[in-house]
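# Summary of structural features
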Amino acid sequence: MMSQKLPPEAGKMTSFQVFRDQLVIDKAIQLDIEGKYSTPEQIRAVKNDIFQELISNEKFHFHSSKSEITSELMYSDANLSYFKVGVKRNLKNISKGFSEDAKESSPNIIVVINNEPNVQKIAIQTNTNAFKSSNIVSHFNEETIDRKLKSKKLSFFVEPMFDKQEFWNMVEKYQKRIKKVTFDLISPNRPEVSKNLTVDLNLKQLYEDTGTLKTELELGTNEGKGI
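These notes cover the structure that comes with them. (Residues numbered from 1 in each chain as written. Predicted model: local features only at pLDDT ≥ 70, side-chain atom pairs only at ≥ 80, totals over all residues. Heavy atoms only, no water.)

### Quick look at the pairing of strand β2 (residues 69-76)
Buried residues dominate β2, accounting for six of its eight residues. In this sheet, strand β3 (residues 80-87) lies alongside β2 in antiparallel orientation, the contact comprising seven bridges. From the neighbouring strand, E72 faces β3, where its bridge partner is K84. Taken together, β2 and the strand that follows it, β3, pair antiparallel across an intervening segment of three residues. (Buried < 20%, exposed > 50% of the residue type's maximum accessible area, 1.4 Å probe, protein only. Helix = DSSP H or I, 4+ residues; strand = E, 2+ residues; numbered from the N terminus. Pairing = 2+ DSSP bridges.)

Shown next as C-alpha cells:
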C-alpha cells in the first residue's frame, strides 16, 4: 500500500467547482458466471469499494486525449482521495526587440474525490492558467475512470451539481421566452437521489426494466409560445 501523504494544507484563498459522480451497473454487459461477481446485486453491494481500489492505487493516473497532463495521488483514506493534476503549457514571451521566447509551464490544480456512498462528489479547483473550465477536467476524469471500470461491469458519470433555485430563477427571468429545455438524466444509484424523483418519472424503474443508463428529457412548447 502507498505511503499516504498529508492532505494539502490550506493556503491562499481558492475556489472549487463541485460535481456529482455516479457508479451505475452496466446491464448491457454480459456478466461472467465464472467471475468474482455473477449478479448485478453483488456488484452493486461493492461498487464503491471497486471504485476506491482503482483510484487509490498509486499507479492510477488521469489521461486526456486533448492535453498533455500529469496526475499524482497525494493522499487517500477510506473515502477521500486528493490528486494534483498538471497540464503542459507553452508560454510565449515577447521581448523588447519583439522576438518570441517560448517557455514551458506546468500549472496544476487539486481534484478531491469523496467516495462516501451517500456523498459521491468531486471537487475541482478553479485555475484558468491550467484549464479554462472545470468541465474540461470533469470530462477527462469521467473518461479515464469509466474506461477503467468497464471491465468491472460499471459505468461512471460526472455531472455538475444542479442548483434548483438557480434554474427557477432563470425560468422566471426569461418567462414566456424559453422555447425548449433539455435534461440529461442519469439512472439514480443512491437512495437520496431516487426519493426525489416523482412517481411519473421513475428513472430507477426505467433502469431496472430496460438497463438504460442515461435518459434525455425534453420540454418544449408550440411554435410562437414560450415556457
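Anyway, onward from the coordinates.
### Quick look at the packing of helix α1 (residues 40-55) against helix α2 (residues 134-149)
Interhelical geometry of α1 versus α2 gives an angle of 115° and a closest axis separation of 11 Å. For the element pair α1 / α2, the angle class is roughly perpendicular. For the pair α1 and α2, the crossing hand works out as right-handed. Together, I50, F51, L54 and I55 of α1 and I145, K148 and L149 of α2 make up the contact between the two elements. (Axes fitted to C-alpha atoms, helices over the stretch in contact; angles between N-to-C directions. Parallel < 35°, antiparallel > 145°, perpendicular 65-115°, else oblique. Left-handed = near helix turned anticlockwise from the far one by under 90°. Contact = heavy atoms within 4.5 Å.)

### Description of empty space enclosed by the protein
For the coordinates displayed, the defined rule picks out two cavities of 30 Å³ or more. One number sums up the size of the second largest cavity: a volume of about 40 Å³. Together, I109, Q125, T126, N127, T128, F131, K132, S133, S134 and V137 line the second largest cavity. Residue composition of the lining of the second largest cavity, by class: three nonpolar, six polar and one charged. (1 Å grid on protein atoms, 1.4 Å probe; cavity = no way out; pocket = protein on both sides within 12 Å on 5 of 7 lines; lining within 4 Å. Points joined across faces, edges and corners; volume = space filled by probe spheres on them. Nonpolar A, V, L, I, M, F, W, Y, C, P; charged D, E, K, R; others polar.)

### Considerations on the pattern of salt bridges
Summed over the entire model, instances satisfying the criterion amount to two salt bridges. Of the charged contacts in the structure, one is a salt bridge between E68 and K88, with a shortest N-O distance of 3.9 Å. Taken together, the positions of E68 in the loop between α1 and β2 and K88 in the loop between β3 and β4 (89-94) put the pair 20 residues apart, joining distant regions of the chain. The class for E68 is exposed, based on a relative accessible area of 53%. (Salt bridge = Lys/Arg side-chain N within 4 Å of Asp/Glu carboxyl O.)

### What about the pairing of strand β6 (residues 108-114)?
Most of β6 sits out of view: five of its seven residues are buried. Direction of pairing for β3 relative to β6: antiparallel, over a ladder of seven bridges. Considered in β6, the bridge of F83 is made with V111. Counted between consecutive antiparallel strands, the loop separating β6 from strand β7 (residues 121-125) contains six residues, among which Q120 sits at a positive phi close to 50°.

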